[in-house]
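Now for the letters of each chain:
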Amino acid sequence: ASNSNGDSERNRAEISKNCCKFVVGFGWPKSVVALVRMSITRQIYRVVRSILFTAVLAVGVLFVGLYVFLQFPPVQQAIKNKAQSELSGFIGGRVNIGDVSIHPFKELVLNDVGIDTPDGEKCVRIDKLGAGLDLWSLIAGRKIIITYVELIGLDASVSQAASDEPLNISFLIDAFAPKEKKKE
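Residues numbered from 1 in each chain as written. Predicted model: local features only at pLDDT ≥ 70, side-chain atom pairs only at ≥ 80, totals over all residues. Heavy atoms only, no water.

A. Up close: the overall build of the chain. Along the chain, the regular secondary structure elements total five helices and four strands. Order of helices (α) and strands (β) in the chain, N terminus to C terminus: α-α-α-β-β-β-α-β-α. Scored against the burial criterion, the 184 residues of the chain give a buried share of 19%. Here the chain displays about 14,200 Å² of accessible surface, and carbon together with sulfur accounts for 62% of that area. (Helix = DSSP H or I, 4+ residues; strand = E, 2+ residues; numbered from the N terminus. Buried < 20%, exposed > 50% of the residue type's maximum accessible area, 1.4 Å probe, protein only. Areas by Shrake-Rupley, 256 points an atom, 1.4 Å probe, with all protein chains shown as cover.)

B. View of the environment of glutamine 71. Tracing the backbone shows glutamine 71 in the loop between α2 (30-70) and α3 (73-91). Each C-alpha atom of the pair glutamine 71 and serine 101 lies 8.3 Å from the other, and the pair is 30 residues apart in sequence.

C. Layout of the packing of aromatic side chains. For the coordinates displayed, the defined rule picks out one aromatic pair. Ring geometry for phenylalanine 90 against phenylalanine 176: centres 5.3 Å apart, planes inclined by 70°, an arrangement best described as edge-to-face. With phenylalanine 90 in helix α3 and phenylalanine 176 in helix α5 (residues 170-176), this residue pair connects regions lying 86 residues apart in the sequence. Note on phenylalanine 90: relative accessible area 45%, which makes it partly exposed. (Phe/Tyr/Trp six-rings, centres within 6.5 Å; stacked < 30°, edge-to-face > 60°.)

D. Examining the pairing of strand β1 (residues 95-103) more closely. Pairing of β1 with strand β2 (residues 107-116), which is carried by eight bridges, proceeds in the antiparallel orientation. Residue pairing across strands places valine 100 opposite leucine 110, the latter belonging to β2. (Pairing = 2+ DSSP bridges.)

E. Main features of the pattern of salt bridges. Applying the stated criterion to the full structure yields two salt bridges. Glutamate 86 is the salt-bridge partner of lysine 82, the closest N and O atoms lying 3.4 Å from each other. With a gap of four residues between them, lysine 82 and glutamate 86 both fall in helix α3, about one helical turn apart. Given a relative accessible area of 47%, glutamate 86 falls into the partly exposed group. (Salt bridge = Lys/Arg side-chain N within 4 Å of Asp/Glu carboxyl O.)

F. Just the layout of surface pockets, in detail. The computed volume of the largest pocket comes to approximately 1,500 Å³. Lining the largest pocket are 44 residues, and of these Leu87, Leu108, Leu110, Ala131 and Ile146 lie nearest its centre. Counting residues per element, the lining of the largest pocket draws most heavily on α3, at seven residues. If you add up the space inside the second largest pocket, you get close to 170 Å³. Surrounding the second largest pocket, Thr117, Pro118, Asp119, Glu121, Ser159, Gln160, Ala161, Pro166, Leu167, Asn168, Ser170 and Phe171 form its lining. Classifying every residue of the lining of the second largest pocket by side-chain character gives five nonpolar, five polar and two charged. (1 Å grid on protein atoms, 1.4 Å probe; cavity = no way out; pocket = protein on both sides within 12 Å on 5 of 7 lines; lining within 4 Å. Points joined across faces, edges and corners; volume = space filled by probe spheres on them. Nonpolar A, V, L, I, M, F, W, Y, C, P; charged D, E, K, R; others polar.)

Bear in mind that shape data such as this cannot, by itself, settle questions of function.
Here's what the structure looks like:
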């Protein structure tokens, strides 16, 4: 009986010794190391998956929210007012816009557009002016790049007071003429 008692004490001592090694971090069994690695890998996978899902969801919600936001009449009215003032300043004549229709991320449509000369004469009327926009350039480069322009129902009154005077639409031609780049 003493022999089995001694063996049992030796086993307890070995178990205690192995537990201490396990707790301290020395001599971990390979199966335990594999389980710990797998558990850590799973946790990392879950975190990365959650972050990616949240990012994709946030981008989707942002685009849907922007689409809905741009459909509200007060927002379109503000865009119309800003477009009128910016275009009037750009061309040098008064621009009137009936209403704005926005197709987010691809197209802007201006209806019932009127352009007056700097003297106040009516010179151009357009029933529908559509412009395609390059979304990537707008987001990445903060530049508005127009991919196409569509004019429907153009009515222009072009006149020249005298043969040596410019056309009444010369302010439009000058506004859209290519600008010369400075050479350095």
